[in-house]
Amino acid sequence: MTAYAAVVLAGGAARRMGGRDKPAVPVHGRPMRDRVLAAVADAVPRVLVGPGGSLPPDVLVTREEPAGGGPVAATAAGLALLHPDTAVVALLAADLPLLSRPAVGVLLDALATRAGPGAPDGVCLLDDGGRRQPLCGVWRVPPLRAALDRLAARRAEGTGLAGASMRELLAELSVHELSWSAAGPPPWFDCDTDSDVRRAEEWTR
């Protein structure tokens, strides 16, 4: 499977990092956001949901409604820019500085080999504690759109998807969980604190 889109979520508040623009924080001299976008350089299109900045010209930029409305609202905003016929999307947090194209390829292959009746709606990595990392995964777009619609319909009138959690969204989907066993740094490693950034720096030396 090679044809896929990518939606990178970059709109979090980063409270544990003093409210900084976390995706712009550099790891080994390169913003985390740019590292994630490079890992999906062959995706068409690439969509960044969050503040823009200096980005490659092919990257589309949008914001969730309202800004800061959370990852589910951001997912919906990113999908809104995809062509209706888009079949697969990589849904990624912008704070995954160790993500690589080979790791994305493992996810895409895992989804492609699970087809037909009973096939999962998506594949995401598990971290070293066995926890799902839904923002390090690939998803079939039609069921993902349908899950967003169902979730929005269940929520209180007027709230839309703002504040909805990824756990609520995943409850609407069938998910194949994949443990990372390859050599090298774990692609699911996200940076929520300055100490996480320092650890990622050590891995990228």
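Report follows, based on the coordinates. Bear in mind that the values here come from a model prediction, so they are computed numbers and not experimental data. (Residues numbered from 1 in each chain as written. Predicted model: local features only at pLDDT ≥ 70, side-chain atom pairs only at ≥ 80, totals over all residues. Heavy atoms only, no water.)

1. Looking at unusual backbone geometry
Here is step 1: Across the junction of V44 and P45, the peptide omega takes the value -5 degrees, indicating a cis bond.
Here is step 2: As for its position among the elements, P45 is in the loop between α1 (32-39) and β4 (46-49).
Here is step 3: Note that the residue after E65, namely P66, is joined by a cis bond; omega there is -5 degrees.
Here is step 4: As for its placement among the helices and strands, P66 is situated in the loop between β5 (59-62) and α2 (71-79).
Here is step 5: Although it is not a glycine, H28 adopts a positive phi angle of roughly 55 degrees. (Helix = DSSP H or I, 4+ residues; strand = E, 2+ residues; numbered from the N terminus.)

2. Quick word on the pattern of salt bridges
Two side chains that carry opposite charge are able to pair once their charged atoms sit near each other.
Here is step 1: Evaluated as defined, the whole model comprises 11 salt bridges.
Here is step 2: The partner of R131 in a salt bridge is D127, and the shortest N-O contact between them spans 3.0 Å.
Here is step 3: The class of D127 is buried, set by a relative accessible area of 10%.
Here is step 4: One salt bridge connects E172 with R154, and the closest N-O pair in it is separated by 2.0 Å. Here E172 is found in the loop between α5 (166-170) and β9 (175-179), whereas its partner R154 is found in helix α4 (residues 141-154), with 18 residues between them in sequence.
Here is step 5: Look at R154 and you get exposed, because its relative accessible area is 52%.
Here is step 6: Through salt bridges with shared partners, a single network forms among K22, D95 and D192. (Salt bridge = Lys/Arg side-chain N within 4 Å of Asp/Glu carboxyl O. Buried < 20%, exposed > 50% of the residue type's maximum accessible area, 1.4 Å probe, protein only.)

3. Some words on the sheet that holds strand β6 (residues 88-93)
Here is step 1: A sheet is described by the order of its strands in space; here 7 strands give the open sequence β5-β4-β1-β6-β8-β7-β9, paired in mixed fashion. In this open sheet, the two edge strands, each paired with only one partner strand, are β5 and β9. This sheet shows a mean twist of 25 degrees between the axes of neighbouring strands, independent of strand direction.
Here is step 2: Pairing between β4 and β5: 4 bridges, direction parallel. Bridging across to β5, R46 finds its partner in V59.
Here is step 3: Strand contacts of α1: β1 (5-9), β4, β5 and β6, with the helix running at about 155 degrees to β4, the strand carrying the most contacts. (Pairing = 2+ DSSP bridges. Axes fitted to C-alpha atoms, helices over the stretch in contact; angles between N-to-C directions. Contact = heavy atoms within 4.5 Å.)

4. Let's talk about helix α6 (residues 194-203)
An α-helical segment advances 3.6 residues per turn. Residues three or four places apart therefore align on the same side.
Here is step 1: Along α6, the residues classified as buried are D196, V197 and A200. When α6 is viewed along its axis, its buried side chains cluster within an angular range of 100 degrees and face the same direction. Pointing more than 90 degrees away from the buried face of α6 are the exposed residues R198 and E202.
Here is step 2: Where the residues of α6 are buried, they touch β2 (26-27). (Arc of directions from axis to C-beta.)

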